[in-house]
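Commentary on secondary and tertiary structure
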Amino acid sequence: MLAQKKELAKAQRELKLKDEECERLSKVRDQLGQELEELTASLFEEAHKMVREANVKQATAKKQLKEAHGKIDALQAEVAALKSILSTSPTSPTKELQPGGKARFNKGHVRNKSTSSAMGGSTMDLNVMQPIVKKSKEVDLTLYQEFKVWKEEPLMDRTSTFLKRMYQEDICPCLTFPKNELAAAVLEAVENNTLSIEPAGLQPVRFVKALAVECEGPKKCALSGQIKTCKHRIKLGDSSNYYYISPCCTFRITSIRLVKQQDVDQMFWEVMQLRKEMSRAKLGFFKEEL
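Described in the following lines is the structure provided in the data block. It should be emphasised that the depicted structure is a prediction, and the values quoted were computed from it without experimental measurement.

A word on the packing of aromatic side chains
Applying the stated criterion across every chain yields a total of six aromatic pairs. With a centroid separation of 5.1 Å and an interplanar angle of 90°, the aromatic rings of tyrosine 144 and phenylalanine 268 are classed as edge-to-face. A residue pair is termed long-range when its members are at least 10 positions apart, and tyrosine 144 in helix H4 (residues 141-152) and phenylalanine 268 in helix H8 (residues 264-282) qualify at 124 residues. Where phenylalanine 268 meets tryptophan 269, the ring centres are 5.3 Å apart and the plane angle is 70°; that geometry is what we call edge-to-face. Overall, the relative accessible area of 1% leaves phenylalanine 268 in the buried class. Residue classification places tryptophan 269 among the partly exposed positions, given a relative accessible area of 26%. Over the face of the ring belonging to tyrosine 167 we find arginine 158, whose NZ or CZ atom lies 3.9 Å from the ring centre. The lysine or arginine in question, arginine 233, covers the ring of tyrosine 242, its NZ or CZ lying 3.9 Å from the ring centre.

Encoded structure:
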């Protein structure tokens, strides 16, 4: 009987030790799980930060390239004008100077002056200096006044005349796609600044709780429904779904963006430039990265 009591006490001590070990391992597991969640969140944040920085650098490079092309066009126009001036002859095309400075006329009947001028018009036109074409712009007073009223209290409220015009004429037409339901979700994500866009070949972060669902595929645009090679994909808010989109749809989405706070006139013209890009994008014109 005494031996059985000793065995029972020993078994109870071992069971208590095992319970303590299980409790310790459970705490370690919970701590590792928390650290894993924090690491996953940190990696997601870092990945989005890298994508945002890459997009900013890309936009800056495009702007600098556009400015450089503009300067090249202006220089080429100036060179063409100078060449035209240098090629203009100061002497009459119907006379040849003899030694001594005398002019020699060809024998034969004298042609009518007006007829001669008309026949030689095509030759003379080559020597006329071509005008230098300069890009100009003029403020639309109605648009400018609407913008100034909105700028005094810049709220993202569609009831303002300025934003109402932007939505009706530019934003909504630019974000109208055959896939209506997804297009509406894209517009909402753009308004809430919760839409993320990334290259289609970007691999997901290693530590992910649930695998993302890739809708359609890199050969079919999820917004237009057309068979296109999709170089980018989008994700809306906290959704785990990726949607592949064509270069044209990508340009239409990225042409809608916020402008930085600055001088009223500068901000107005930047908004007009964005409206110009949206107008071209909604008509199907876009810049594709090679």
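That was the structure; now back to the text.
Focus: the pattern of salt bridges
Once their charged atoms are close, side chains differing in charge can pair, the charge on each being opposite to the other. Counting across every chain of the model gives nine salt bridges. One salt bridge connects glutamate 21 with arginine 24, and the closest N-O pair in it is separated by 2.6 Å. With glutamate 21 and arginine 24 both in helix H1 (residues 2-87) and three residues apart, this pair spans about one turn of that helix. Given a relative accessible area of 35%, glutamate 21 falls into the partly exposed group. Among the residues examined, arginine 24 registers a relative accessible area of 45% and is labelled partly exposed. Where salt bridges share partners, they join Glu146, Arg165, Glu169, Asp170 and Arg275 into one cluster.

Describing helix H6 (residues 180-192)
Between its first and last C-alpha atoms H6 spans 18 Å; for 13 residues at 1.5 Å apiece the expected length is 18 Å, and the two agree. Following H6 by one or two positions, asparagine 193 has its phi on the positive side, about 55°.

Thoughts on the environment of isoleucine 234
The topology assignment puts isoleucine 234 in strand S5 (residues 232-236). For isoleucine 234, a relative accessible area of 0% translates into the label buried. Each C-alpha atom of the pair isoleucine 234 and tyrosine 244 lies 6.5 Å from the other, and the pair is 10 residues apart in sequence. Those residues within four positions of isoleucine 234 in sequence are excluded, and the remaining contacts are Val186, Leu195, Ser196, Ile197, Asn241, Tyr242, Tyr243 and Ile245.

A few points about a nonpolar patch on the surface
On the surface, Leu36, Leu39 and Leu43 cluster together to form a nonpolar patch covering roughly 230 Å² of accessible area. In this fold, leucine 43 is placed in helix H1. For leucine 43, a relative accessible area of 31% corresponds to the partly exposed category.

A word on H8
Here H8 spans 27 Å end to end across 19 residues, near enough to the 27 Å set by a 1.5 Å rise per residue. For H8, the set of buried residues is Met267, Phe268, Val271, Met272, Leu274, Arg275, Glu277, Met278 and Ala281. Buried-residue contacts for H8 involve H4, helix H5 (161-174) and helix H7 (247-254). The N-capping residue of H8, defined by a side-chain oxygen 3.1 Å from the backbone nitrogen of aspartate 265, is aspartate 263. Directly after H8, the chain includes glycine 284, whose backbone phi takes a positive value near 105°.

Things to note about the side chain of lysine 151
Its place among the elements puts lysine 151 in helix H4. This buried residue, lysine 151, is left without a salt bridge; aspartate 263 holds the nearest opposite charge, at 8.5 Å. Filtering out sequence-adjacent residues up to four positions away, lysine 151 remains in contact with Gln261, Gln262, Val264 and Met267.

Criteria and thresholds
- Residues numbered from 1 in each chain as written.
- Predicted model: local features only at pLDDT ≥ 70, side-chain atom pairs only at ≥ 80, totals over all residues.
- Heavy atoms only, no water.
- Phe/Tyr/Trp six-rings, centres within 6.5 Å; stacked < 30°, edge-to-face > 60°.
- Helix = DSSP H or I, 4+ residues; strand = E, 2+ residues; numbered from the N terminus.
- Buried < 20%, exposed > 50% of the residue type's maximum accessible area, 1.4 Å probe, protein only.
- Lys NZ or Arg CZ within 6 Å of the ring centre and 35° of its normal.
- Salt bridge = Lys/Arg side-chain N within 4 Å of Asp/Glu carboxyl O.
- Expected span 1.5 Å × (residues − 1).
- Contact = heavy atoms within 4.5 Å.
- Patch = residues over 30% accessible without salt bridge, like charges linked within 9 Å, V, L, I, M, F, W, Y side chains within 5 Å.
- Areas by Shrake-Rupley, 256 points an atom, 1.4 Å probe, with all protein chains shown as cover.
- Polar contact = N/O pair within 3.5 Å; in protein donor to acceptor, adjacent residues only side chain to side chain.
- Lys, Arg positive; Asp, Glu negative; His and termini not counted.

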